[in-house]
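# Structural features, examined
Single-letter residue listing:
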Amino acid sequence: MTDNQRRILEMLSEKKINVDEAQRLLSLIEPQTGSETRIHEDSSEPKRNPKYLRVVVQPNAEAGAGNNAERVNVRVPISLIRAGMRLTSLIPPQAYDHINEAIKEKGVDFDLRNLKAEDLEELVSALSDLEVDVESGREKVHVYVE
Amino acid sequence: MNWPPMLLQLGIKNRRNHIRLWIPLFIVMLIAFVFVLLLAPFVLITTIILWPFGWGKPLLLGGPAIFRCLCALRGLKVDIKEGNQLILISFI
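Residues numbered from 1 in each chain as written. Chains lettered and ligands numbered in written order. Predicted model: local features only at pLDDT ≥ 70, side-chain atom pairs only at ≥ 80, totals over all residues. Heavy atoms only, no water.

## What about the overall build of chain B?
Quick note on the threshold: Secondary structure is summarised from DSSP: a helix means a run of H or I of at least four residues, a strand means a run of E of at least two, and numbering begins at the N terminus for each. Throughout this description, buried means an accessible area under 20% of the type-specific maximum (1.4 Å probe, protein chains only), exposed means over 50%, and partly exposed covers the range between. Throughout, a contact is declared for two residues whenever any of their heavy atoms are within 4.5 Å. Where accessible areas are quoted, they stem from the Shrake-Rupley method and a 1.4 Å probe; at the residue level, only the protein chains shown are allowed to cover.
When helices and strands are counted, chain B shows two helices and four strands. Put simply, chain B runs from its N terminus to its C terminus through helices and strands in the order β-β-α-α-β-β. Relative to its full complement of 92 residues, chain B shows a buried share of 24%. Counting only contacts in chain B whose residues sit at least 6 apart along the sequence, the fraction spanning at least 24 positions is 47%. About 6700 Å² of surface is accessible on chain B, with carbon and sulfur atoms providing 74% of the total.

## Looking at the interface of chain A and chain B
Under the convention used in this document: A 1.4 Å probe defines the accessible area here, and the buried area is the portion of it lost by two parts on being joined, summed over both. Each salt bridge in this description consists of a side-chain nitrogen of Lys or Arg and a carboxyl oxygen of Asp or Glu lying within 4 Å of one another. Polar contact is the term for a pair of N or O atoms within 3.5 Å; when the atoms are in protein, one must be able to donate a hydrogen and the other to accept it, and sequence-neighboring residues count only if both atoms are side-chain atoms. Each residue gets one label: Ala, Val, Leu, Ile, Met, Phe, Trp, Tyr, Cys and Pro are nonpolar, Asp, Glu, Lys and Arg are charged, and the others, such as Gly, are polar.
Across the boundary between the two partners, chain A contributes 21 residues, which contact 22 residues of chain B. Surface buried jointly by chain A and chain B totals about 1800 Å² across both partners, of which 61% is contributed by carbon and sulfur atoms. Among the residues chain A hides against chain B, the three largest losses belong to R75, L80 and L90 of chain A. Together they make up 29% of the total. Summed over the shared surface of chain A and chain B, the number is zero salt bridges. Across the contact surface, chain A and chain B share four residue pairs in polar contact (both at pLDDT 80 or more). Secondary-structure elements contributing two or more residues to the side of chain A that touches chain B are β2 (70–77), α3 (78–86) and α4 (93–105) of chain A. Split by residue class, the side of chain A that touches chain B holds twelve nonpolar, six polar and three charged.

## A short note on a negative patch on the surface
Filter applied, for reference: By definition, no residue in a patch forms a salt bridge, and every one has over 30% relative accessible area; like charges are joined within 9 Å, nonpolar side chains (Val, Leu, Ile, Met, Phe, Trp, Tyr) within 5 Å. Charge convention: Lys and Arg are scored as positive, Asp and Glu as negative, and His as well as the terminal groups of each chain are ignored. Lysine's charge is taken at NZ, arginine's at CZ, aspartate's at CG and glutamate's at CD.
Negative charge collects at one region of the surface, where E62, E131, D133 and E135 of chain A lie side by side. On the secondary structure map, E62 of chain A appears in the loop between β1 (52–59) and β2.

## What about the packing of aromatic side chains?
The condition is simple: Whether two aromatic rings pair depends on their centres lying within 6.5 Å, for rings of Phe, Tyr and Trp, where Trp uses its six-membered ring; planes under 30 degrees apart make the pair stacked, over 60 edge-to-face, and the rest tilted. We call a charge positioned over a ring when the NZ of a Lys or the CZ of an Arg lies within 6 Å of the ring centre and within 35 degrees of the ring normal.
In the structure shown here, the tally under the stated rule is zero aromatic pairs over all chains. Residue placement shows R75 of chain A over the ring face of Y52 of chain A; its charged tip is 4.8 Å from the ring centre.

## Focus on a positive patch on the surface
On the surface, a cluster of positive charge is contributed by R71 of chain A together with K13, R20 and K81 of chain B. When you line up the elements, K13 of chain B lands in strand β1 (residues 7–13).

## Section: the packing of α3 of chain A against helix α2 (residues 56–72) of chain B
Convention followed: Convention adopted: a line fitted to C-alpha atoms gives each axis, helices being fitted over their contacting stretch, and angles between N-to-C directions are expressed from 0 to 180 degrees. Here is the rule for angles: anything less than 35 degrees is roughly parallel, anything more than 145 is roughly antiparallel, 65 through 115 is roughly perpendicular, and the remaining ranges are oblique. Each crossing gets its hand from how the near helix is turned against the far one by less than a right angle, where anticlockwise is left-handed and clockwise is right-handed.
At their nearest, the axes of α3 of chain A and α2 of chain B sit 8 Å apart, and the two run at 165° to each other. Judged by the angle between their axes, α3 of chain A and α2 of chain B are roughly antiparallel. Note on packing geometry: the crossing formed by α3 of chain A with α2 of chain B is left-handed. Side by side, α3 of chain A and α2 of chain B meet where S79, L80, A83 and G84 of chain A of the first sit next to R68, C69 and A72 of chain B of the second. For the contact of α3 of chain A with α2 of chain B, the per-class residue count stands at four nonpolar, two polar and one charged.

Here you go:
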C-alpha cells in the first residue's frame, strides 16, 4: 500500500471524505501505482552479461536439405568486439578522411570521428537484446547473444 | 582483462586432406614476447621521430591494443561444414 492510498483511507476513517470520494481518489492514483510496480518489476530483472555472439546456420529440415548442406557455427567473444572497436581510437587523424571516404563508397555515410568510447560501451551492452532468426529456403540462420 | 589463449585448434578436412592441429600458443607467445623485447628500443626511437607527424601515438599504443585483441581471442570458434569439407578454428 502506498502513502497516498493510506492517506485516503485515513481521511475516510476520519470521515473527512465519503466512500464515493475515496473510491474516486483511489481510482485516480491506481494507474500511478501500477506503473510503479511495473518499473520495480523491470529493475528486479537480473541484467544479463553477454559473453559471446553466436551465428548458427543450419540446414532447414522442412525444406529437405540433405547432409551436403552448409552448417556454420561461429562464436565470437564480446570482449573481442569491444577490443576491436577500441582500436579505432588509435587511428591517426590523417587516416580518418580516407577511411570515411572508403566507408562512404560502400554506401555508409558515417563519420568515424563521432565514435566515442562511451558510445561503444552502450552499443556492446545493447547487443544483449540482439536476436535474429532468418528462415529462407534450405537454411535457417540464427544470430543471438549468450 | 582475459588471459591470452593457450591453444589454437585448427581443423581442415576435404577430399584430399584431413588435418587436425593443436598449436600451443603459449610457446608461440613466449617467442613473440622475446621479439617484442628486442624490438622495443627501435619502436621507441621510431615513435619519438614520428610523434610530430601524428603517427607516434598509434605506434606506441598499438602494441598494447593488439595484445588486448589477442587476449580477447580466447573463446573464438569458427566451425564450417559443407558435405565432406570442414574448417575449424578454435582459440582455447
